[in-house]
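The primary structure of each chain is shown beneath.
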Amino acid sequence: MSEKRVIIFGGDPAGVGEALKQAEAGNKVILVESLPSLGGGHIPQTRIIADDTSFVDPNVEALKRHPNIRVITNAAVEKTSAGDGTYRFRVRRRAPRVDPEKCNDCRACIRVCPIHMYDDFNEGIGFRTAIDYFNPDTRDYNIFKEDMPICQATCPANLDIRSYVGLIADGDYAASLAKIRERLPFALSIGRVCPHPCETACNRGTMDEPISICTLKRYVADYEMLNDIKAPVEIPDEFRKEKVAIIGAGPAGLTCGYFLAKAGYRSVCFEALPEPGGMFRYGIPEYRLPTPTLMREINWILSHGVELRCNTRIGKDVAYEDILKEYDAVFLGVGAHAGMKLQIKGEDMEGVVDGVDFLRDANMGKDLKAKGKVIIIGGGNVAMDAARVSWRAGFDEVHILYRRTKREMPASPWEIDAAEQEGIKIQYLVAPVEVIGENGRMTGLKCLRMELGEPDASGRRRPVPIQGSEFVVEAQTLIPAIGQRPDLSFVPEGSPLSITRWNTFSVDQSSFMTNVPGVFSAGDVETGPDIAIRACAGGRKAASGIIAYLKARRK
């Protein structure tokens, strides 16, 4: 008997025949097939045999009974290596969606399956259910799944939600977290603050309720943290000689550094503020994202080989031109930390503080001078955060003024509900006109009532002033929270960097490189103010662009 071991990829008739031939010759054979079935049933996964004359390869039964053959279906090779005249393969088998050991072929699943779809085997002239026979004669079932489910396609980071949720269901939390970290290093943080567009799109929501994807992500990350399980650090044995400068230690910058380190590239992350985290640290209230939780995640990212230099403002402590000369590539991820102005009279009075500055001061533990009544202007999540922080800080009354109705509010519905439940008063169809005060200190806000007109460029109905509806609200503090812009003051005058009219960097969307070779950008400074997971996704894509750029430069 030969000790030779043979691996065959592909379970089509040719693969089955060759497996039998090798087994009959005395070899040990492993046959790896990516689909759920073999032989005559080996047709594309989206094709279903509909009648009784299905394709059946008689060799399949012989193959299944042969003692020298092991069949692995639903599997793919992840890694190969060679040495000493042998090959080694790492094969991953996907979880079987139908367990043949437990299935009694009652066909109830086919009858009750709620997903009806065009039967593309018959060119779409009929229907099939999502679960059906792969081959009626071999009794192999098949469940049709889109290559990228709608939840994954909707997620800015394209997380493999189907896999990591399934691994949680299997109780394999470590594998689930590893699956998330393939594309996102901030599972703890994103699991707490993401507005989860994936759940809005979840098909399950058409039946009853969407899958709680974001909470599941938080759950599996919390499990690791609360059980004090050390998160794995997977980096190469040796790093390459090139170094990358990252300007901004926010979600985009740290994500970029994380994926660079995993690919073997060291980076230095420059941060102007005292601590890293960007908007995670200084824009999101402590009650939503506790600092110790965030720092656990950031310290883990840094442990991959990312050097952090806080209190270092580019353009002041280090010249931007010196960064370009010293490093092989540069990533710009400074975020959007400059608040938009209301552009009304009296806005420069004492007592008026921008929403981004207010949240930053709160997160830095500064005195917020929380006395009397505060008015927040805006309808986004920053306005909700500012209002709820104000309430916790001790203001006597907290009011939000929004110029449209609740229906048009861009804030997450659960944030609006939470604000209202906490006692914050929201007045709709009201717009500020003028800050009024005495001796340079505001005492109130003159407002105008609005009504909705025709839709504007945003698709929302335009607020139209109602003439003669002016009124004054007495207040000691005003917090405008109507939007942010990037602060690009670190870019030297005359720089060739292409800047859009929104004060953001223009990049090639395939590489995230700016018009200056070797300079990359992502996050809010590239997209404008957006959700954190999109910044993380941009940071990962930019890391890929940087790696490709450095590889090309070496050739």
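Our subject is the structure that appears above.
What you see is a predicted model; the values in this text were computed from it and never measured. (Residues numbered from 1 in each chain as written. Predicted model: local features only at pLDDT ≥ 70, side-chain atom pairs only at ≥ 80, totals over all residues. Heavy atoms only, no water.)

Caption draft 1: Quick look at the sheet that holds strand β15 (residues 373-377). Taken in spatial order, the four strands make up an open sheet running β17-β16-β15-β22, and their pairing is parallel. Looking along the sheet, the strands with just one partner apiece sit at the ends: β17 (425-428) and β22 (477-480). Neighbouring strand axes in the sheet, compared pairwise and without regard to direction, differ in orientation by 20° on average. (Pairing = 2+ DSSP bridges. Helix = DSSP H or I, 4+ residues; strand = E, 2+ residues; numbered from the N terminus. Axes fitted to C-alpha atoms, helices over the stretch in contact; angles between N-to-C directions.)

Caption draft 2: Up close: the pairing of strand β16 (residues 397-402). Within β16, five of the six residues are buried, which leaves the element mostly enclosed by the surrounding structure. The pairing of β15 with β16 spans five bridges and is classified as parallel. Its bridge partner lying in β16, I375 is registered against H399. Pairing of β16 with β17, which is carried by four bridges, proceeds in the parallel orientation. Bridge assignment links I400 to a residue of β17, and that residue is I426. Handedness of the β-α-β unit built from β16, helix α16 (residues 413-421) and β17 comes out right-handed. (Buried < 20%, exposed > 50% of the residue type's maximum accessible area, 1.4 Å probe, protein only. Right-handed = clockwise from strand over helix to strand, strands pointing away.)

Caption draft 3: How the structure looks around empty space enclosed by the protein. According to the stated counting rule, one finds two cavities of 30 Å³ or more in the structure shown. There is about 60 Å³ of room inside the largest cavity. In terms of lining, the largest cavity is formed by C155, P156, L159, I161, Y164, C194, H196, P197, C198, I213, K217 and I533. Among the elements of the structure, α5 (161-169), α8 (197-201) and α9 (213-226) are those that each provide at least two residues to the lining of the largest cavity. In this model, the second largest cavity occupies a volume close to 40 Å³. If you list the elements that add at least two residues to the lining of the second largest cavity, you get α11 (279-282) and α12 (291-302). Split by residue class, the lining of the second largest cavity holds six nonpolar, two polar and two charged. (1 Å grid on protein atoms, 1.4 Å probe; cavity = no way out; pocket = protein on both sides within 12 Å on 5 of 7 lines; lining within 4 Å. Points joined across faces, edges and corners; volume = space filled by probe spheres on them. Nonpolar A, V, L, I, M, F, W, Y, C, P; charged D, E, K, R; others polar.)

Caption draft 4: Here's a closer look at the nonpolar core. Counting residues in hydrophobic clusters, the biggest one holds 62 residues, and the most contacted among them are I161, F186, I190, L260, F280, F331 and I546. Here this core gathers at least three residues from each of two domains, domain 2 (156-227) and domain 3 (240-337 + 486-554). Beyond its immediate stretch of four places on either side in the chain, F186 contacts G191, P251, L254, T255, F280, L294, E297, I298, I301 and C536. Membership of the second largest hydrophobic core comes to 22 residues, among which are L368, M384, A387 and I426. (Core = buried A, V, L, I, M, F, W, Y, C linked by side-chain atoms within 4.5 Å. Domains from an automatic or database assignment. Contact = heavy atoms within 4.5 Å.)

Caption draft 5: Highlighting a nonpolar patch on the surface. A surface patch of nonpolar side chains, about 400 Å² in accessible area, is lined by F9, V77, Y87 and F89. Within the fold, Y87 resides in strand β5 (residues 86-93). Residue Y87 is classed as exposed on the basis of its relative accessible area of 63%. (Patch = residues over 30% accessible without salt bridge, like charges linked within 9 Å, V, L, I, M, F, W, Y side chains within 5 Å. Areas by Shrake-Rupley, 256 points an atom, 1.4 Å probe, with all protein chains shown as cover. Salt bridge = Lys/Arg side-chain N within 4 Å of Asp/Glu carboxyl O.)

Caption draft 6: Structural detail: the state of the cysteines. A complete count under the given rule lists zero disulfides for this structure. Free of any disulfide, C155 has its nearest cysteine sulfur in C198, 6.1 Å distant. (Disulfide = S-S within 2.5 Å.)

Caption draft 7: Representation of the side chain of S511. Looking at the secondary structure, you find S511 in the loop between β23 (484-485) and β24 (519-521). Apart from the residues within four sequence positions on either side, S511 is in contact with F520, K541, A542 and G545.

Caption draft 8: Highlighting helix α15 (residues 381-393). Here α15 contains 13 residues, and its C-alpha end-to-end distance of 18 Å stays within 8% of the 18 Å for a straight helix at 1.5 Å per residue. Buried residues of α15: A383, M384, D385, A386, A387, R388, V389 and S390, and no others. On its buried face, α15 sits against α14 (355-363), β15, β16, α16 and β22. Positive phi shows up at G394, right after α15, with a value of about 115°. (Expected span 1.5 Å × (residues − 1).)

Caption draft 9: Structural context of unusual backbone geometry. A positive phi angle, near 50°, is found at K369, a position not held by glycine. Here K369 lies in the loop between α14 and β15. Given the relative accessible area of 60%, K369 is considered exposed.

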